[in-house]
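What the coordinates show
One letter stands for each residue in the lines below.
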Amino acid sequence: MQADVFIRRRNNAVVFFAILVVLTAGSIVITQYDLQKGFTSFIKAFIWGASNFYPDAGSLRKLPDILVKLWETVLMSIAATTVAAIFSMFLAVFGSRTTRIHVSFTVIARGIGSFFRNMPLVAWAMILMLAFSQSSLTGFLALFLGSLGFLTRAFMETIDEVGENAVEALTSTGAAYFPVIFQAVLPASMPQIVSWLLFMVETNIRDATLVGLLTGTGIGFLFDVYYKSFDYHVASLVVIVIVIAVLIVETVSNGVRRVIL
Amino acid sequence: MIEIKGIGTEQFSSPNLNTAKPLDRAALAIRLTLLVLAVTTIYALLTINANGIDMPKAILDTLSTLRTIFFQPYSYHFTVWQGFWEIVITLGLAFLTTLFGGVIALFLGLMAAQNLAPKWLTNVIKSVVAFIRAVPSILWVLIFAVAAGLGSTAAVIGLTFHSVAYLTKAYSESFEDLDRSVIEALMATGANWWQVVFQAVIPSSATYLLSWTFLRFEINFSNAVAMGAAAGAAGIGFDLFMASEFYFNLHEVGLVTYFILAFAIILEVLATNMKSRLMKQA
């Protein structure tokens, strides 16, 4: 009997790894990924990086410009997060299992959330570029629409989890719909919601780079300009500045999370 | 690590019994965070560089663009089957990066877990991984592209790099959830480190590892789309880029968008199902 268990476990493992190997081989073939080149260029990239990709004295003169763009990008990421959060909050409250007025609201809110979450950021960036051209508004709106989808889902799950007991307790005392939301559901889910907000700000700063590259705005555009003109010293400085910004936001968020959760 | 101690100073955290709801450290931190975010947002919106864009017109233009994209999708440069094949290539990129990332992260995660490795090692790995995560994945891809050339190889290495960082953090936190007493009990029976890892640590955290890995697969799918558009990797993202930046064909953008949306939603449904099944099992 015991031997049986071990054999079954081994067979499961063999099947699991066989599937993995087949999928890997298939993926390598269809994506035309060159294993050997991948490995050698990985090493080459490090040697190249160590000898070229570092800021030198000359690049430091560009630092004020870079910091201005960084500041713009951080502001945009925060604004996109907050504005998206306001819309997401409405969608989440009307769509959550515990606070909805009717089942159809859940379907609608989930649908909207899923659409915006799965719509590629690249597509938004390109669509918005057509009308808003190379302005900061393009980046802001692209990040806003992406955040809207993510936050709607995150908020809805939070309210689903936290809200149930609170709603039950207050409705049993005879409280009406809006008092229940404002006195019980929102306060109870606030720590989680703030935590998601901070996470979204972090993500948006990173995504802003991608959107900036595609739409010619913010810090992503700055990197692109120096990268394409082979000015790797300045490009590396841009990367370092982004890293520092993200790490600061991450550290602050972790600190806030430790206090509130 | 910067400790944010200033947020809840002593006078606020001392409980005031007269008020029904004392403003404790947590509540204060929440309010402060929301206040800072709100003020920053208002400032950002007031100072945003609109470049003389006519807002109402731009919004109307965008809506009409969206109408073309979603109601008249059509393709001139590829057939439906080719589009499907391009999606398969994107899925392949996502799979490779997730697998490579997962395998490397499994080892790094073991070395970064505080209950399994010495403190200096966990600190080193956690800092390196935090650094890698802080660099946007597109920048990793572009940096590797200098050595490997723009294309799938650079995209796979760059995205793998980011996946390793993300999964190492997720895995090591899953490993740390294992009770120390289990490890000590096994050690007491004479089990060595590898036996502890393979008999206790990995089996007990397998469900978490799988759901984190699948989550990363979802992220890598959308990353692979983005790399196709921004870094010339193969797959559907490249078609999206060509349709909108090269052919300026909104109908084609529409079709590509539908393809991506459909697959992303399938992945999301699969992930949700898998998560609820794993949760039931655990």
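Definitions and limits used
Residues numbered from 1 in each chain as written. Chains lettered and ligands numbered in written order. Predicted model: local features only at pLDDT ≥ 70, side-chain atom pairs only at ≥ 80, totals over all residues. Helix = DSSP H or I, 4+ residues; strand = E, 2+ residues; numbered from the N terminus. Buried ≥ 20, exposed ≤ 12 C-beta atoms within 10 Å, placed from the backbone. Contact = placed C-beta atoms within 7 Å. Rg over C-alpha atoms; globule rule 2.2 N^0.38 Å. Nonpolar A, V, L, I, M, F, W, Y, C, P; charged D, E, K, R; others polar. Expected span 1.5 Å × (residues − 1). Core = buried A, V, L, I, M, F, W, Y, C linked by C-beta atoms within 7 Å. Domains from an automatic or database assignment. pLDDT = per-residue confidence, 0-100. Axes fitted to C-alpha atoms, helices over the stretch in contact; angles between N-to-C directions. Parallel < 35°, antiparallel > 145°, perpendicular 65-115°, else oblique. Left-handed = near helix turned anticlockwise from the far one by under 90°.

On to the overall build of chain B, then. Counting its regular elements, chain B contains 11 helices and zero strands. Across chain B, helices and strands are ordered from the amino to the carboxyl terminus as α-α-α-α-α-α-α-α-α-α-α. Within chain B, buried positions represent 38% of all 282 residues. Restricting to contacts in chain B with at least 6 residues of sequence separation, those with at least 24 account for 68%.

The subject of this paragraph is the overall build of chain A. In terms of regular secondary structure, chain A is built from nine helices and zero strands. Shown N-terminal to C-terminal, the secondary structure of chain A runs as helices and strands in the order α-α-α-α-α-α-α-α-α. Taking 2.2 N^0.38 as the reference for a compact globule, 261 residues should give roughly 18 Å; the C-alpha atoms of chain A span a radius of gyration of 24 Å, well beyond that estimate. Along the first, second and third principal axes, the C-alpha atoms of chain A reach 70 × 65 × 40 Å. Considering chain A as a whole, with its 261 residues, one finds that 48% of them fall into the buried category. Here the analysis covers contacts within chain A between residues at least 6 apart in sequence; of these, 74% occur between residues at least 24 apart.

So, on to the interface of chain B and chain A. Listed as interface residues are 69 residues of chain B and, on the opposing side, 64 residues of chain A. Sorting elements by how many residues they give to the side of chain B that touches chain A places helix α2 (residues 25–47) of chain B first, with 12 residues. Tallied by class, residues from the side of chain B that touches chain A come to 49 nonpolar, 15 polar and five charged.

Every α-helix carries 3.6 residues per turn, so stepping three or four residues along brings you back to the same face. A rise of 1.5 Å per residue sets the reference length of helix α4 (residues 103–118) of chain A, with its 16 residues, at 22 Å; its end C-alpha atoms lie 23 Å apart and thus fit the reference within 8%. By the burial criterion, the buried members of α4 of chain A are Ala109, Gly113, Phe116, Arg117 and Asn118 of chain A.

Attention shifts here to helix α8 (residues 218–228) of chain A. When we look at burial in α8 of chain A, the residues that qualify are Gly218, Ile219, Gly220, Leu222, Phe223, Asp224 and Tyr227 of chain A. After α8 of chain A finishes, the residue Phe230 of chain A shows a positive phi value of roughly 60 degrees.

Further remarks concern the environment of Leu150 of chain B. Residues and elements named next belong to chain B. Relative to the helices and strands, Leu150 resides in the loop between α6 (137–148) and α7 (152–176). Along the primary structure Leu150 and Ala233 are separated by 83 residues, whereas in three dimensions their C-alpha atoms are 7.0 Å apart. With sequence-adjacent residues up to four places away left out, Leu150 is seen in contact with Ala145, Ala231 and Gly232.

Phi angles above zero are rare outside glycine, and Gln32 of chain A is one such case at about 55 degrees. For Gln32 of chain A, the position within the fold is in the loop between α1 (2–31) and α2 (35–52). Classification of Gln32 of chain A as exposed rests on a count of 12 C-beta atoms within 10 Å. Despite not being glycine, Phe248 of chain B shows a phi value in the positive range, around 50 degrees. The residue Phe248 of chain B is located in the loop between α10 (236–246) and α11 (250–281) in this model.

On to the nonpolar core. Counting residues in each nonpolar core, the largest one holds 152 residues, and the members touching the most others are Val122, Ala125 and Val238 of chain A together with Val141, Phe144 and Ala231 of chain B. Counting residues per element, this core draws most heavily on helix α6 (residues 136–172) of chain A, at 17 residues. The residues contacting Val238 of chain A, other than those within four sequence positions of it, are Ile66, Ile219, Leu222, Phe223 and Tyr226 of chain A.

In this section: the domain arrangement of chain A. How big an interface is tends to be stated in terms of accessible area lost as the parts join. Looking at the assigned domains, one finds that chain A contains domain 1 (2–39) and domain 2 (58–260). Of note, the centres of domain 1 of chain A and domain 2 of chain A, computed from C-alpha atoms alone, are 37 Å apart.

Moving on, we come to the confidence of the model for chain A. Averaged over chain A, the pLDDT score is 88; the fraction of residues at 70 or greater is 99%. α2 of chain A is the least confidently modelled element of chain A, averaging 83 in pLDDT, while helix α3 (residues 63–95) of chain A averages 92, the highest of any element.

To continue, consider the confidence of the model for chain B. Residue and element names in this part refer to chain B. Per-chain confidence: chain B averages 84 in pLDDT, with 90% of residues scoring 70 or above. When mean pLDDT is compared element by element in chain B, helix α5 (residues 119–134) scores highest at 93, while helix α1 (residues 10–13) scores lowest at 40. Between residues 1–20, whose pLDDT stays under 50, and residues either more than four places distant or in other chains, the model counts 24 contacts. Both scores are given for the predicted complex: the pTM is 0.85, the ipTM 0.85.

With that settled, consider the packing of α6 of chain A against helix α7 (residues 177–215) of chain A. Residue and element names in this part refer to chain A. Where α6 contacts α7, the axes come no closer than 7 Å and their chain directions differ by 160 degrees. By the angle class used here, α6 and α7 are roughly antiparallel. Judged by the twist between their axes, the crossing of α6 over α7 is right-handed. For the contact of α6 with α7, the per-class residue count stands at 20 nonpolar, 13 polar and one charged.

Glancing now at the environment of Val238 of chain A. Mapped onto the secondary structure, Val238 of chain A falls in helix α9 (residues 232–260). Remark: the alpha-carbon pair of Val238 of chain A and Thr251 of chain A, spanning 13 residues in sequence, is separated by 20 Å.

Residue and element names in this part refer to chain B. Running from N to C, α6 and α7 point in directions that differ by 135 degrees, and their axes come no closer than 8 Å. Relative to α7, the element α6 is oriented oblique. For the pair α6 and α7, the crossing hand works out as right-handed. For the pair α6 and α7, the contacting residues are Ser137, Trp140, Val141, Phe144, Ala145 and Ala148 in the first and Thr153, Ala154, Ala155, Ile157, Gly158, Leu159, Phe161 and His162 in the second. Across the contact of α6 with α7, the residue classes break down as 10 nonpolar, four polar and no charged.

All names here are of chain B. Summarising the element assignment, Asn220 is placed in helix α9 (residues 193–231). The exposure class assigned to Asn220 is buried, which follows from the 27 C-beta atoms found within 10 Å. Asn220 sits 83 residues away from Ser137 along the chain, and the two C-alpha atoms are 10 Å apart.

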